[in-house]
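One letter stands for each residue in the lines below.
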Amino acid sequence: MGFFLETLFGGLMTGVLYALVALGFVLIYKASRVFNFAQGVMVLFAALAMARFSQWIPEWFGLDSKILANVLAFAVAAVLMLAVAWLVERLALRHLVNQPEATLLMATIGIGFFLEGFGQTIFGSNVYNIDIGMPKDPLFILDGVFEGGILVDSQELVAALIAALLVLALVLFFQKTKTGRALRAVADDHQAAQSVGIPLTRMWVIVWFVAGLSALVAGMVWGSKLGVQFSISNLALRALPVVILGGLTSVPGAIVAGLIVGAGEKLSEIYLGPFVGGGIEVWFAYVLALVFLLFRPQGLFGEKIIDRV
């Protein structure tokens, strides 16, 4: 039982990070009906900005405090993601209103390729480190319940807590703030929101910035664990099955599905992998998403497309 719980906890902590990336997909789709295929590259771009500015700022200003350097680097990277959101709305979205969804999807793919190339040009293509002081030593919990306790990766635990705090902040933002309620209104009905004076273009900038902020946190955490490298964008795209499973229009669905996928990947690799030759963790989530597409295409909490026509 102890080993099972260790595997389960590890999967759940990974699932929180998947949920964080999946929220970016869901938020942008709900607000603008655009499936943002560039979300994975946004994670990479934000992580590159965080890594490089955390190195450059101490050199520019002679700072010795690692904490202050990381805080300033995070703030600069967040401002950069706000600029990206504004440029995406100004140069792409406003010119593609009422265009077919395939056109919008292709636009986000183009945005992704641009951000990847631009990030490589500005920040370089090496592997960079983000040191935010995450603990490295493992923890043993519940030692009074199980002999020897349960081994938990302290780095993954801190990463999951950071991601969970941001998820909670986003939920409170959408539920309790005026801007959040306006974004929910835009998600429900664009024309009705415009009729009561909600500026649609401004809402698109805000929601792309929020998605960029979630990408920044995910990139910061993954970069701290693995180093900032271009494979992060592919790792972030593993959140796609989470979106399908939870529902493309559901924020709670992204959270629940992230936990299911994270736990399912780890458990299947440990308990089913030996029977199929291993590697099941790589494709488990996609097979699970395919099953849901066949029997419940709207996902666990998503809306049926026919209901919105």
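The text that follows walks through the structure, step by step, so that each part is easy to find. Just so it is clear, the structure is predicted and the values come from calculations on it, not from any experiment. All chains use their own residue numbering, which begins from 1 and follows the written sequence. Per-residue local features of the predicted model are confined to residues with pLDDT of at least 70, and side-chain atom pairs are confined, for both listing and counting, to 80 or more; whole-chain, interface and lining totals are unaffected and use all residues. Hydrogen atoms and water are omitted, and side-chain values are computed over all heavy atoms in the structure.

Another point: the packing of helix α2 (residues 39-61) against helix α8 (residues 200-226). Where α2 contacts α8, the two axes come as close as 7 Å, and the packing angle between them is 65°. By crossing handedness, the relation of α2 to α8 is classed as right-handed. Counting all contacts with α2, which are made through Gln39, Met42, Val43, Ala46, Ala47 and Met50, the residues of α8 involved are Trp208, Ala211, Gly212, Ser214, Ala215, Leu216, Ala218, Gly219, Met220 and Trp222. Its residues assigned to classes, the contact of α2 with α8 shows twelve nonpolar, four polar and no charged. To obtain each axis, a line is fitted to C-alpha atoms, and for helices this fit is confined to the stretch in contact; angles are then taken between N-to-C directions over 0 to 180 degrees. The way it works is that DSSP assigns letters per residue, a run of H or I at least four long becomes a helix, a run of E at least two long becomes a strand, and they are numbered from the N terminus. Crossings are classed by handedness, with left-handed meaning an anticlockwise turn of the near helix from the far one by less than a right angle and right-handed meaning a clockwise turn. Throughout, a contact is declared for two residues whenever any of their heavy atoms are within 4.5 Å. As a working rule, the residues Ala, Val, Leu, Ile, Met, Phe, Trp, Tyr, Cys and Pro are called nonpolar, Asp, Glu, Lys and Arg charged, and the rest polar, with Gly in that last group.

Right, let's talk about the packing of aromatic side chains for a bit. In this scheme Phe, Tyr and Trp rings, the latter by its six-membered ring, pair at centre separations within 6.5 Å, and the angle between planes marks the pair as stacked below 30 degrees, edge-to-face above 60, and tilted otherwise. In total, this model carries 13 aromatic pairs according to the counting rule given. An angle of 70° between the planes, with centres 6.3 Å apart, marks the rings of Phe53 and Trp60 as edge-to-face. A 1.4 Å probe rolled over the protein chains alone gives each residue an accessible area, and that area as a share of the maximum for its type sets the label: buried under 20%, exposed over 50%, partly exposed in between. Judged by its relative accessible area of 14%, Phe53 is buried. Taking relative accessible area as the criterion, Trp60 reaches 53% and is therefore assigned exposed. Among the aromatic residues, ring-to-ring pairing joins Phe45, Phe53, Trp56, Trp60, Phe114, Phe118 and Phe123 into one connected group.

Attention now goes to the environment of Leu170. One can find Leu170 in helix α5 (residues 154-176). Of the residues examined, Leu170 reaches a relative accessible area of 9% and is grouped as buried. Once the C-alpha coordinates of Leu170 and Gly180 are considered, the two residues, ten residues apart in sequence, prove to be 8.9 Å apart. In this structure Leu170 touches Leu23 and Val210, once residues within four positions along its chain are discounted.

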